[in-house]
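Here is what each chain is made of, one letter per residue.
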Amino acid sequence: MLFELWLGLKAEFRKIKHASIFRVTFIAFSLAPLMGGVFMIILKNPDLAAQSGALNAKAQLMSISANWDSFRGILTQAMGVGGVLIFGFVASWIFGREYSDGTAKDLLALPISRTKILNAKFIVYTGWCLALAISNLLIGLLIGALLQLPDFDNPIFFETLAVYAVTTLLTILLGPPIAFFALWGRGYLAPLGFVALTLVFSQVIAATGFGNYFPWSIPGLYSGAGGEYRDLLNVWSYFVLIATSLAGYFATILWWKHADQAK
Amino acid sequence: MLAIQTHSLTKKFGDTTANDDISMHVSKGEIYGLIGLNGAGKTTLIRMLLGMIKPDNGHIQLLGNDLTPKFSLWNEIGFLVETPFSYPNLSVRENLDIFFDLRKLKDPALIDKVIDQLKLTVYTNKKAKHLSLGNQQRLGLAKALLHQPQLLILDEPTNGLDPAGIVEIRTLLRSLTENGASVLISSHLLSEVAQIAHRIGIIHEGKLIKELFAEELETQLIKKVVIHTKDNGQAITHLKKSEFDTQIVGDRIYATDEKAITSPELITKLLSDADLPPTEIYVNKENLEMYFLRIIGK
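As the structure is a computational prediction, the values presented were derived from the model and not from experiment.

Chemist: Help me understand the overall build of chain B in this model?
Modeler: Scanning chain B for helices and strands turns up 11 helices and 14 strands. Taken over C-alpha atoms, the radius of gyration comes to 25 Å for chain B, far larger than the 19 Å a tight globule of 298 residues would show. If you line up chain B on its principal axes, its C-alpha atoms span 80 × 45 × 35 Å. Considering only intrachain contacts with a sequence separation of at least 6, the fraction spanning at least 24 residues in chain B is 67%. Counting every atom, chain B has about 13,500 Å² of accessible surface; 50% of that belongs to carbon and sulfur.

Encoded structure:
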């Protein structure tokens, strides 16, 4: 059984080996620590801050200052909000490309079960997202070190690292419903449209104060991007998120196994 | 043991009946040609045979086993459905490597063998997106043949191939069946299928309307003698007197009886003796496409 899963994984790795999209996601996601670095440079240099009106105003609005704590906060919030977009893109590609490339039909009548093929895709999705999160963290640490940000020994460091890790996991959990829309819509368009919609709704719903029960707002709130709204998160918030993820996973499996595959 | 057997297969998509009560079989070692117009229901039938679409009614047996979610003989079946797409950024070999893994194959020499068999050797390391249409088709066939299946289900396998490629594939499929494999091949061209299939099924508007052995085809084609004279009216009177079954169609006389077809020189002599020598006379045999259109009522 595990051997079949391994074979499925091998096949998935072969597919992403030459995919330019794999590199593109890392480049796109690395914009977050780079932008964070720009904020830090501006805040460290009062003269530069005076010349950078809009960015300075934004930095003031976010109540950040030029230190490690603020920088890690930016990275975490970028994960909670930007991660929904980038991870959604990753899920759309992994699950939707088989239809867009016309290769999905080749995966339906094989000695390896359809469920294992999907499970291999979910594992690749998780690994890809974790790699993105680690890559951003490393880039962030490097930028912070280069900028010689103060307060690295701050005891909050490990706490914010844990928040970053949990935010990453919460964001990864949002992948399965996107996988379902990729299969249901037989391509990229439906899942990408779904990701765009959830991004909009996550902002609107979070602003109304109900984001703690809307799965796509929860990683952002947890990351601290919503400020004091983070305190609204409770056990039910995580239950809703996990239930959404599981529902997405089982819907994906059931659809792939039982729906007519006419494309 | 039959390679394929279907019983009353029916599939509807909304109000459209894609397949209607189709019962057919493919014997071991047989090439069965399924022919129909585009949209006749060939691909739906093929997808049902591969478990990609569930029938609303009826059931399927492949290699003697019921096609259920537990069906476990997928490594005995090779398939090509519609346009054979491959992973565009992967080379020919890498595309085959994927299916080597997914089919749990053990012998890596199978990849080289199928590459050689489909004459893809010079393209082994070329990305699929840079292959010509014909070579993409060959790669699709390579994926279908990689694991040396007992049963091949091929939807329009010669699409995009040049004439030499078509002959190669025909020869390849014949040699496979000589070794015991069975093939279901679909096409919209009867002339193409007639050259390879042992048996032919004609599908139209979702129904299997006719099945026949390839050798029966010849006897089914309508033949007639086409005649033109200076005075067709007088000529047909003479022909009818001599008990030829004739009729005027446009500015030609058609003689359709066996005597006329086997001995058209009798007509020439008869008309010449009556001072109406034919300005044109020839035996016309219905071609396969005309036959197909006649059968489906077009």
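Chemist: Hey, could you run me through a nonpolar patch on the surface in this one?
Modeler: Residue and element names in this part refer to chain A. A surface patch of nonpolar side chains, amounting to about 360 Å² of accessible area, comprises Leu-130, Ile-134, Leu-138 and Leu-169. If you tally residues by element for the nonpolar patch, the top one is helix α7 (residues 114-146), at three residues. By the element assignment, Ile-134 lies in helix α7.

Chemist: Help me understand the interface of chain B and chain A in this model?
Modeler: A common way to report how large an interface is uses the accessible area buried once the components associate. The partner chain A presents 30 residues to the 28 residues of chain B that form the contact. Of the roughly 2,800 Å² buried between chain B and chain A on both sides combined, carbon and sulfur atoms contribute 59%. Contact with chain A buries surface across chain B, with Tyr87(B), Asp101(B) and Leu102(B) losing the most and accounting together for 24% of the total. If you look at where chain B meets chain A, you find seven salt bridges. For Arg14(A), the salt bridge identified is with Asp97(B), shortest N-O distance 3.6 Å. Looking at the side of chain B that touches chain A, the elements with two or more residues in it are β1 (2-13) and α2 (92-102) of chain B. Among the elements that take part in the side of chain B that touches chain A, α2(B) stands out by supplying six residues, more than any other.

Chemist: Quick question: what am I supposed to make of the domain arrangement of chain B here?
Modeler: Residue and element names in this part refer to chain B. What the domain assignment reports for chain B is domain 1 (2-219) and domain 2 (221-295). Taking the mean C-alpha position of each, domain 1 and domain 2 sit 43 Å from one another. Each partner contributes to the interface: domain 1 provides 14 residues, whereas domain 2 provides eight residues. A buried area of about 990 Å², summed over both sides, lies between domain 1 and domain 2, and 66% of it is on carbon and sulfur atoms. When the buried surface of domain 1 facing domain 2 is broken down by residue, Leu-190, Leu-217 and Glu-218 rank first, second and third, together holding 44% of it. Along the contact surface separating domain 1 from domain 2 lie one salt bridge. At the junction of domain 1 with domain 2, the criterion picks out four residue pairs in polar contact (both at pLDDT 80 or more). Listed by contribution, the elements that provide at least two residues to the side of domain 1 that touches domain 2 are α6 (190-194), β10 (207-213) and α7 (214-220).

Chemist: Even after reading the chapter, I still don't get the sheet that holds strand β9 (residues 199-204) of chain B, so can you show me in this structure?
Modeler: Across a sheet, paired strands are connected by hydrogen bonds in the backbone, their directions being either parallel or antiparallel. Residues and elements named next belong to chain B. If you walk across this open sheet you meet the six strands as β6-β7-β8-β3-β9-β10, and the pairing is mixed. At either margin of the open sheet sits one strand with a lone partner, and together these are β6 (77-80) and β10. Each strand of the sheet is rotated relative to its neighbour by a mean of 15 degrees, with strand direction disregarded. In the sheet, strand β3 (residues 31-35) pairs with strand β8 (residues 182-187) via five bridges, with the strands oriented parallel. Residue pairing in the sheet places Ile-35 in a bridge with Ser-187 of β8. Those strands touched by helix α11 (residues 288-295) are β3, β9 and β10, and its axis lies near 140 degrees from that of β10.

Chemist: Please explain helix α8 (residues 232-241) of chain B as it appears in this structure.
Modeler: Along an α-helix, residues three or four apart share an orientation, since each turn contains 3.6 residues. Residues and elements named next belong to chain B. Within the span of α8, buried status applies to Asn-232, Ala-235, Ile-236 and Leu-239. Take α8 and look down its axis: the buried residues cluster within an arc of 95 degrees, on one side only. Two to three positions downstream of the cap, the backbone nitrogen of Gly-233 sits 3.2 Å from a side-chain oxygen, assigning the N-cap of α8 to Asp-231. The first or second residue beyond α8 is Glu-243, which carries a positive phi of 65 degrees.

Chemist: Whenever I open this one, empty space enclosed by the protein confuses me. Can you help?
Modeler: To locate leftover empty space, one rolls a probe as large as a water molecule over the atoms. Applying the stated criterion across every chain yields a total of four cavities of 30 Å³ or more. What lines the largest cavity is a set of 15 residues, among which Asp106(A), Phe79(B), Gly140(B), Lys143(B) and Ala144(B) lie closest to the centre. Breaking the lining of the largest cavity down by element, the ones donating at least two residues are β6 and α4 (133-145) of chain B. Per-element accounting of the lining of the largest cavity gives the leading share, three residues, to α4(B). Grouping the amino acids of the lining of the largest cavity by side-chain chemistry returns eight nonpolar, three polar and four charged.

Chemist: What exactly am I supposed to notice about the pattern of salt bridges here?
Modeler: Pairs can form between side chains of opposite charge whenever their charged atoms are close. Going through the model one piece at a time under the given rule, you end up with 26 salt bridges over all chains. Salt bridges sharing partners connect three or more residues here, namely Lys10(A), Arg14(A), Asp97(B) and Asp101(B).

Chemist: When you look at the side chain of Ser237(A) in this model, what are you seeing that I'm missing?
Modeler: Residues and elements named next belong to chain A. Relative to the helices and strands, Ser-237 is located in helix α12 (residues 235-258). Within the local environment of Ser-237, its side chain forms a polar contact with the backbone oxygen of Asn-212, the two atoms lying 2.7 Å apart. Excluding its chain neighbours within four sequence positions, the residues that come into contact with Ser-237 are Asn-212, Tyr-213, Ile-218 and Leu-232.

Chemist: Is there a simple way to explain the side chain of Ser86(B) in this structure?
Modeler: Structurally, Ser86(B) is set in the loop between β6 and α2. The class of Ser86(B) is buried, set by a relative accessible area of 11%. Engagement of the side chain of Ser86(B) in a polar contact is seen with the side chain of Lys143(B), the distance being 3.4 Å. If we ignore the near neighbours within four places in the chain, the residues touching Ser86(B) are Thr103(A), Asn95(B), Ala128(B), Leu139(B) and Lys143(B).

Chemist: Quick question: what am I supposed to make of α7(A) here?
Modeler: Relative to the 48 Å expected for 33 residues at 1.5 Å per residue, α7(A) spans 48 Å between its end C-alpha atoms, a close match to the ideal helical length. One or two steps after α7(A), the chain reaches Gln148(A), where phi turns positive at roughly 50 degrees.

Conventions we followed
Think of each chain on its own: its residues are numbered from 1, step by step along the sequence as written. Labels are handed out in written order, letters beginning with A for the chains and numbers beginning with 1 for the ligands. Residues qualify for local features only when their pLDDT is at least 70, as the model is predicted, and side-chain atom pairs are given and counted only at 80 or more; totals for whole chains, interfaces and linings, by contrast, use all residues. No hydrogens and no water enter the side-chain calculation; it runs on all heavy atoms of the structure. Strands here mean DSSP runs of E at least two residues long; helices mean DSSP runs of H or I at least four residues long; both are numbered from the N terminus. It is over C-alpha atoms that the radius of gyration is taken, and the globule rule equals 2.2 Å times the number of residues to the power 0.38. By the convention used here, residues are in contact when the closest approach between their heavy atoms is within 4.5 Å. Using a 1.4 Å probe, the Shrake-Rupley method yields the accessible areas, and only the shown protein chains count as cover for residues. Patches were defined on residues exceeding 30% relative accessible area and lacking a salt bridge, with like-charge contacts within 9 Å and nonpolar side-chain contacts (Val, Leu, Ile, Met, Phe, Trp, Tyr) within 5 Å. Between Lys or Arg on one side and Asp or Glu on the other, a salt bridge is scored when a side-chain nitrogen of the former is within 4 Å of a carboxyl oxygen of the latter. Defined here as a combined quantity, buried area equals the accessible surface (1.4 Å probe) lost by two parts on assembly, summed across both. An automatic or database domain assignment supplies the residue ranges for each domain. Contacts described as polar in this section are N or O atom pairs within 3.5 Å, which, within protein, must combine one atom able to donate a hydrogen with one able to accept it, while residues neighboring in sequence count only if both atoms come from side chains. Strands qualify as paired when DSSP identifies two bridges or more between them. Axes, fitted as lines to C-alpha atoms, cover a helix only where it is in contact. Angles between the N-to-C directions of the axes lie from 0 to 180 degrees. Exposure categories follow from relative accessible area, calculated using a 1.4 Å probe and restricted to protein chains: below 20% of the type maximum is buried, above 50% is exposed, and the middle band is partly exposed. For this quantity, the arc is that covered by the directions from the helix axis to the C-beta atoms. Every definition here rests on a 1 Å grid over the protein atoms only: cavities are sets of points where a 1.4 Å probe fits but cannot get out, pockets are open sets enclosed by protein on both sides within 12 Å along at least five of seven lines, and lining residues have some atom within 4 Å of a point. Grid points are joined across faces, edges and corners, and a volume is the space filled by probe spheres set on the points. Under the grouping applied here, Gly and all other residues not named as nonpolar or charged are polar, the nonpolar ones being Ala, Val, Leu, Ile, Met, Phe, Trp, Tyr, Cys and Pro and the charged ones Asp, Glu, Lys and Arg. To estimate the expected span of a helix, subtract one from its residue number and multiply by 1.5 Å.

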